[in-house]
Amino acid sequence: MRSFRTTATGLTCIFALAITGCSASSDDGTADAAPSPPQQPGSASSASPSASASSGASSTSYAPYVSATEASDLDSAGSPATYNLAFVISDGSDCTPKWNGTTALSDSAVKSRIAGLTQDGASVRVSFGGASGKELAATCESASELADAYGKALDAAGASLADFDIEGDELTDSDSVDLRSEAIALLQKKRGDLEVAFTLPVMPSGLDDDGVALLESANEHDVQVSSVNIMTMNYGESYTGDMGDYALTSAKATHAQLREIFGTSDTTAWNAMALTSMPGVNDVDNETFSLDDAAQVREFAEEKGIGWVSMWATFRDQRCGDDSSSDDALTNCSGVDQEDGAFAEAFSG
């Protein structure tokens with residue numbers, strides 16, 4: 001997903017937060033119990049598959065991406081259970097984490113913003129990476145230094161949820177992928193309640209080889225993965241069909257991959273998946289994700305027990321005005337005819 005403008009163990013244990021009673025091997029070869037964190041809104045463990053099925057209540061929560069630095073009147077539309085705070089990246093020169101690479105973690109305005117987002121009970125997930133700038137794994141020199149940088153950002157936000165949005169050059173760099181996996185594993189040893197999501201690009205055929213390799217790296221380093229969030233958007237000029245159908249096809253293909261990579265059950269693989277769409281006009285000219293597509297994705301997510309659905313991003317959930325100099329369908333509006341907050345309502349069900 002594009003960044004904000006500065007102005008605006010064992011295979012069956014890797015989804016440990018969706019399974020109880022499994023264990024992972026420690027460095028000395030002994031078996032330690034997998035973490036058993038509190039049930040957080042928006043996490044893959046917020047409702048077990050059996051509990052959800054028996055109660056008839058949906059286990060799928062709504063967790064949109066929001067700017068960590070700039071508030072929008074649309075942030076609260078759909079009553080999100082969790083907000084994905086985008087993005088923490090390097091300041092560009094070293095292993096210093098900053099919001100959007102420019103704003104200090106301790107910035108008082110950001111702290112006030114987070115307090116406002118969480119005042120009604122929602123949680124926040126710190127999202128590292130994105131499509132622009134340098135993800136910290138590309139600038140930090142060691143796993144311990146990288147883990148410390150991630151920890152500082154989580155502490156600044158008061159969060160125990162982390163999202164790693166890895167795409168572009170960062171996804172193809174195997175050295176930074178392995179360094180990140182090692183650092184996350186170190187951080188989880190120190191923070192037993194840390195829930196980790198990976199956000200990855202997808203095609204209707206599923207994750208590409210680099211996305212699969214990233215998850216295999218996490219698996220090899222004993223990272224406990226809570227959810228895999230696929231970006232159902234920007235497939236390419238040759239994809240001229242229905243965007244809702246593409247989202248479902250992508251999810252089904254990824255589901256099969258997750259079962260194979262992590263050796264987990266059908267139900268758990270669905271519960272540990274998340275879907276993020278780009279409302280309205282996408283970055284590819286022929287792709288437009290409609291309100292009907294959003295309703296289709298929500299219905300599918302509830303049917304399968306998908307952990308959470310999201311969108312990029314809250315500030316785009318409005319029609320563009322007549323002033324083309326200030327409204328851009330790729331940055332601050334959807335480019336389709338809609339009421340303010342309509343996509344949030346569709347995604348939240």
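Report follows, based on the coordinates.

Rules behind the numbers
Residues numbered from 1 in each chain as written. Predicted model: local features only at pLDDT ≥ 70, side-chain atom pairs only at ≥ 80, totals over all residues. Heavy atoms only, no water. Helix = DSSP H or I, 4+ residues; strand = E, 2+ residues; numbered from the N terminus. Buried < 20%, exposed > 50% of the residue type's maximum accessible area, 1.4 Å probe, protein only. Areas by Shrake-Rupley, 256 points an atom, 1.4 Å probe, with all protein chains shown as cover. Contact = heavy atoms within 4.5 Å. Pairing = 2+ DSSP bridges. Right-handed = clockwise from strand over helix to strand, strands pointing away. Salt bridge = Lys/Arg side-chain N within 4 Å of Asp/Glu carboxyl O. Core = buried A, V, L, I, M, F, W, Y, C linked by side-chain atoms within 4.5 Å. Axes fitted to C-alpha atoms, helices over the stretch in contact; angles between N-to-C directions. Left-handed = near helix turned anticlockwise from the far one by under 90°. Nonpolar A, V, L, I, M, F, W, Y, C, P; charged D, E, K, R; others polar. Disulfide = S-S within 2.5 Å.

### Focus: the overall build of the protein chain
- Of regular secondary structure, the protein chain possesses 10 helices and 15 strands.
- The burial tally for the protein chain puts 57% of its 349 residues in the buried class.
- When the accessible surface of the protein chain is summed, it comes to about 13,700 Å², and 44% of that surface belongs to carbon and sulfur atoms.

### A closer look at the environment of Ala 138
- Here Ala 138 lies in the loop between strand 8 (123–129) and helix 3 (143–157).
- A residue is classified by how much of its surface remains accessible, and Ala 138, at 37% relative accessible area, is partly exposed.
- Discounting residues that sit within four places of it in the chain, Ala 138 has contacts with Glu 170 and Ser 176.

### Considering the pairing of strand 9 (residues 161–165)
- Most of strand 9 is tucked away: five of the five residues are buried.
- Across five bridges, the pairing between strand 8 and strand 9 is parallel. In the sheet register, Gly 129 faces strand 9, and the bridge partner there is Asp 165.
- In the classification by handedness, the crossover that spans strand 8, the intervening helix 3 and the parallel strand 9 is right-handed.
- Across five bridges, strand 9 lies against strand 10 (residues 195–201) in parallel orientation. Looking across to strand 10, one finds that Asp 163 is bridged to Ala 197.

### Structural notes on unusual backbone geometry
- Residue Phe 87 is bonded to the preceding Ala 86 through a cis peptide linkage, with omega at -15°.
- With an omega of 0°, the peptide bond between Trp 312 and Ala 313 qualifies as cis.
- Along the chain, Ala 313 turns up in the loop between strand 15 (308–311) and helix 10 (342–348).
- The phi torsion at Asn 100 lies on the positive side, around 60°, for a residue other than glycine.

### Points about the pattern of salt bridges
- Counted by the stated rule, this structure contains six salt bridges.
- Measuring nitrogen to oxygen at the nearest pair gives 3.1 Å for the salt bridge that ties Glu 135 to Arg 180. One end of the pair, Glu 135, is in the loop between strand 8 and helix 3; the other, Arg 180, is in helix 5 (residues 174–190), with 45 residues separating them in the sequence.
- Its relative accessible area of 1% is what places Glu 135 among the buried residues.
- Residue classification places Arg 180 among the buried positions, given a relative accessible area of 1%.
- In this structure, Lys 152 engages Asp 148 in a salt bridge whose closest nitrogen and oxygen atoms are separated by 3.4 Å. One end of the pair, Lys 152, and the other, Asp 148, are both in helix 3, four residues apart, so they sit about a helical turn from each other.
- Owing to a relative accessible area of 42%, Asp 148 belongs among the partly exposed residues under this scheme.

### Here's the deal with the nonpolar core
- Membership of the largest hydrophobic core comes to 80 residues, with the highest contact counts inside it found for Trp 99, Phe 128, Tyr 150, Phe 198 and Leu 215.
- Here this core takes nine residues from helix 3, the largest share from any one element.
- The residues touching Leu 215, leaving out its near neighbours within four places in the chain, are Phe 198, Leu 200, Leu 207, Val 228, Leu 258, Ile 261 and Phe 262.
- Core analysis: the next-biggest nonpolar cluster, separate from the first, contains 11 residues, Ala 86, Phe 87, Ala 313 and Phe 315 among them.

### Digging into the packing of helix 5 against helix 6 (residues 209–220)
- One way to put it is that helix 5 packs onto helix 6 with a least axis distance of 9 Å and a crossing angle of 35°. In the crossing of helix 5 with helix 6, the sense of the turn from one axis to the other is right-handed. In contact with Val 177, Asp 178, Arg 180 and Ser 181 of helix 5, helix 6 contributes Leu 214, Ser 217 and Ala 218.
- Among the residues forming the contact of helix 5 with helix 6, the class breakdown is three nonpolar, two polar and two charged.

### Thoughts on the state of the cysteines
- Applying the stated criterion to the full structure yields two disulfides.
- Two residues share a disulfide in this structure: Cys 95 and Cys 140, whose sulfurs sit 1.8 Å from each other. Taking the torsion about the S-S bond as the criterion, the Cys 95 to Cys 140 disulfide, at about 80°, is right-handed. You can see Cys 95 sitting in the loop between strand 5 (82–90) and strand 6 (97–99) and its partner Cys 140 sitting in the loop between strand 8 and helix 3, a full 45 residues away along the chain. Both residues of the pair, Cys 95 and Cys 140, belong to the buried class.
- Two residues, Cys 320 and Cys 333, share a disulfide whose sulfurs are 2.0 Å apart. Taking the sign of the torsion about the S-S bond as the criterion, the disulfide between Cys 320 and Cys 333, at about 90°, is right-handed. Within this pair, whereas Cys 320 is found in the loop between strand 15 and helix 10, its partner Cys 333 is found in the loop between strand 15 and helix 10, the two being separated by 13 residues in sequence. As far as burial versus exposure is concerned, Cys 320 and Cys 333 are alike and both buried.
- Taken in sequence order, the bonded cysteines of the protein chain link in the pattern 1-2, 3-4.

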